[in-house]
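Observations on the three-dimensional arrangement
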Amino acid sequence: SQTIHQWPATLVQPVGSPLSLECTVEGTSNPNLYWYRQAAGRGLQLLFYSVGIGQISSEVPQNLSASRPQDRQFILSSKKLLLSDSGFYLCAWAPGTTYEQYFGPGTRLTVT
Amino acid sequence: QQQVKQSPQSLIVQKGGIPIINCAYENTAFDYFPWYQQFPGKGPALLIAIRPDVSEKKEGRFTISFNKSAKQFSLHIMDSQPGDSATYFCAAKKAGAGSYQLTFGKGTKLSVIP
């Protein structure tokens, strides 16, 4: 069976510090991968998605970036965090040939 | 422009009641409509999904009703329980190769009181 992991689970970072969130998927190959952000009590905002190694599509201009160095690894980064980057970051994966999308447990980021 | 409109924003029902959450869409290219359930502090979980070639789909106590002509779909929860208290999101996806994104509604916070 497939499993998606995210770490860290929670993170408190000062404004201006760098960020690296990691997502890995087990039990599948060549998945589509996604990063979402969810502000407190709000909906899901798609940030990036990837259909293959090194292939990244950005949905929202911001100070975040994403990379996919390996088939089942997706990384969300920032060089300098802003207060507005606080939120719940969710990674999701989808089998390449189907419609279903499955979410990870999320990372709660608080920028102080 | 919000492409999937979800209502209501919040909903309170008594145990055993049948909460109904509605979603409407504009883009006729959508051909996959899932519902997600999210508990506080957790990632959303895929609950049930429907394609436009059927008008209804049931999985346990959860039912999706789909009205293609009205471009609307809804989630019904039969015999609701306090454990169903969560935020529910509808979503839609376009058909065709090269379409990878889900478009989400803004969510409905459901509270089921004992």
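What counts, and where the lines are drawn
Residues numbered from 1 in each chain as written. Chains lettered and ligands numbered in written order. Predicted model: local features only at pLDDT ≥ 70, side-chain atom pairs only at ≥ 80, totals over all residues. Heavy atoms only, no water. Helix = DSSP H or I, 4+ residues; strand = E, 2+ residues; numbered from the N terminus. Buried < 20%, exposed > 50% of the residue type's maximum accessible area, 1.4 Å probe, protein only. Contact = heavy atoms within 4.5 Å. Areas by Shrake-Rupley, 256 points an atom, 1.4 Å probe, with all protein chains shown as cover. Lys, Arg positive; Asp, Glu negative; His and termini not counted. Charge placed at Lys NZ, Arg CZ, Asp CG, Glu CD. Salt bridge = Lys/Arg side-chain N within 4 Å of Asp/Glu carboxyl O.

1. Regarding the overall build of chain B
In terms of regular secondary structure, chain B is built from 0 helices and 11 strands. Secondary structure elements of chain B, listed N to C terminal, follow the sequence β-β-β-β-β-β-β-β-β-β-β. For chain B, with 114 residues in total, the buried portion stands at 43%. Long-range contacts, defined here as pairs at least 24 residues apart, represent 54% of the contacts in chain B between residues at least 6 apart. Carbon and sulfur atoms provide 50% of the accessible area of chain B, an area that totals close to 5,600 Å². Side chains of chain B carry 13 positive and 7 negative charges; the gap between the two charge centres is 6 Å.

2. Notes on the environment of Ile56 of chain A
Within the secondary structure, Ile56 of chain A sits in strand β6 (residues 55-58). Each C-alpha atom, one on Ile56 of chain A and one on His5 of chain A, is 20 Å from the other, the two residues being 51 residues apart in sequence.

3. Describing the pattern of salt bridges
All names here are of chain B. Applying the stated criterion to the full structure yields 5 salt bridges over all chains. For Arg51, the salt bridge is made with Asp31, and the minimal N-O distance between the two is 3.0 Å. Linking Arg51 in the loop between β5 (45-50) and β6 (56-59) with Asp31 in strand β4 (residues 30-38), this pair joins segments that are 20 residues apart in sequence. In this structure Asp31 comes out as buried when scored by relative accessible area, which is 12%. Between Asp84 and Arg61 there is a salt bridge, with the nearest N and O atoms lying 2.8 Å from each other. Highlighted residues: Asp84 in the loop between β8 (72-77) and β9 (86-94) and Arg61 in the loop between β6 and β7 (62-67), separated in sequence by 23 residues. You can call Asp84 buried: its relative accessible area is 5%.

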